[in-house]
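# Analysis of the macromolecular model
Single-letter residue listing:
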Amino acid sequence: MTTYGLLVFEDAEELDFAGPWEVFTASAMLRDQGDEAFLIAERTDPVRCAKGMRVVPDRTLEDHPKLDVLLVPGGRGARETQLHNTAVTGWIAKTAEQADWVASVCTGAFLLHAAGPAKGRRVATHWSSEDTLEAQGDVTVVRDARYVVDGNLVTSQGVSAGIDMALWLIGRIHGRDHARAVRRYIQYEPAPPYLADEPG
């Protein structure tokens, strides 16, 4: 049985946690081994995310089972308000010590840095925040990888990159064939109509 805890907070970027949530819960369904995923927040109140989506946490920081995987999303809340929320950063530090894997998407790396798990490590974050994170010191920002693995820490670039990271993670935990089955189930075969770096 694998337990996944996905932290949510005001102004979290929706796809940062919803993408991995889809991967983790599809994995749980295909495995049928009692795996569980939880949205965890400081309180039980609905959380309004960066683009206005409201989500209702399943558990609080003080009430959740032991997590095998801790995931921290990014968004404005991660790089602003939550950085100074010692309840959240303290919980991340404590929970990360007990988890098998610690992960972040986008600017969630800022919270992992503030809480401690990303200090002295190689990490990825959103392209627009790489310089800012590197300026924090005691961290190596990798700029050319969708996700970066450093020991039991796995961090990804922005937003959609979290899906790639989550697929890699379940492949590491449950095997590549299982990860391929999950990828097929969620029909994750990116073929964007416009390339980000093409002119006009």
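In this numbering scheme, every chain counts its residues from 1 along its sequence in written order. Local features in this predicted model are restricted to residues of pLDDT 70 or higher, and side-chain atom pairs are both shown and tallied only at a pLDDT of 80 or more, whereas totals for entire chains, interfaces and linings draw on every residue. Side-chain calculation: all heavy atoms of the structure are included, whereas hydrogens and water are not.

Going by an unreviewed UniProt entry, the chain carries the name DJ-1/PfpI family protein and comes from Actinomadura meyerae.

### Side note on the side chain of Arg121
By the criteria applied, helices consist of DSSP H or I runs no shorter than four residues and strands consist of E runs no shorter than two, each listed in order from the N terminus. Mapped onto the secondary structure, Arg121 falls in the loop between helix 4 (108-115) and strand 8 (122-123). We define a polar contact as two N or O atoms separated by no more than 3.5 Å, with the added condition that, inside protein, one atom must be a possible hydrogen donor and the other a possible acceptor, whereas residues neighbouring each other in sequence contribute only through side-chain atom pairs. Engagement of the side chain of Arg121 in a polar contact is seen with the backbone oxygen of Asp150, the distance being 2.6 Å. It only takes one pair of heavy atoms within 4.5 Å for two residues to be counted as in contact. Those residues in contact with Arg121 that sit more than four places away from it in its chain are Asp138, Val139, Thr140, Asp150, Gly151, Asn152 and Leu153.

### What to know about the pairing of strand 7 (residues 101-105)
Along a regular strand, successive side chains alternate from one face of the sheet to the other. Working definition: with a 1.4 Å probe on protein chains only, accessible area under 20% of the residue-type maximum means buried, over 50% means exposed, and in between means partly exposed. Along strand 7, 5 of the 5 residues are buried, which leaves the element largely enclosed by surrounding structure. Alternating positions in strand 7 separate into two faces, Trp101, Ala103 and Val105 on one and Val102 and Ser104 on the other, with burial throughout. When DSSP finds two or more bridges between two strands, those strands count as paired. Sheet topology places strand 6 (residues 69-72) next to strand 7; 4 bridges connect them, and they run parallel. Bridged to Val69 within strand 7 is Trp101.

### Section: a nonpolar patch on the surface
Residues enter a patch when their relative accessible area is above 30% and they make no salt bridge; the linking distance is 9 Å between like charges and 5 Å between nonpolar side chains (Val, Leu, Ile, Met, Phe, Trp, Tyr). With residues, only the protein chains shown are counted as cover, and all accessible areas are computed by Shrake-Rupley using a 1.4 Å probe. The term salt bridge refers to a pairing of a side-chain nitrogen on Lys or Arg with a carboxyl oxygen on Asp or Glu at a separation within 4 Å. Taken together, the side chains of Met29, Leu30 and Tyr185 present a nonpolar region at the surface, about 300 Å² in accessible area. For Leu30, the position within the fold is in helix 1 (residues 14-31). Judged by its relative accessible area of 38%, Leu30 is partly exposed.

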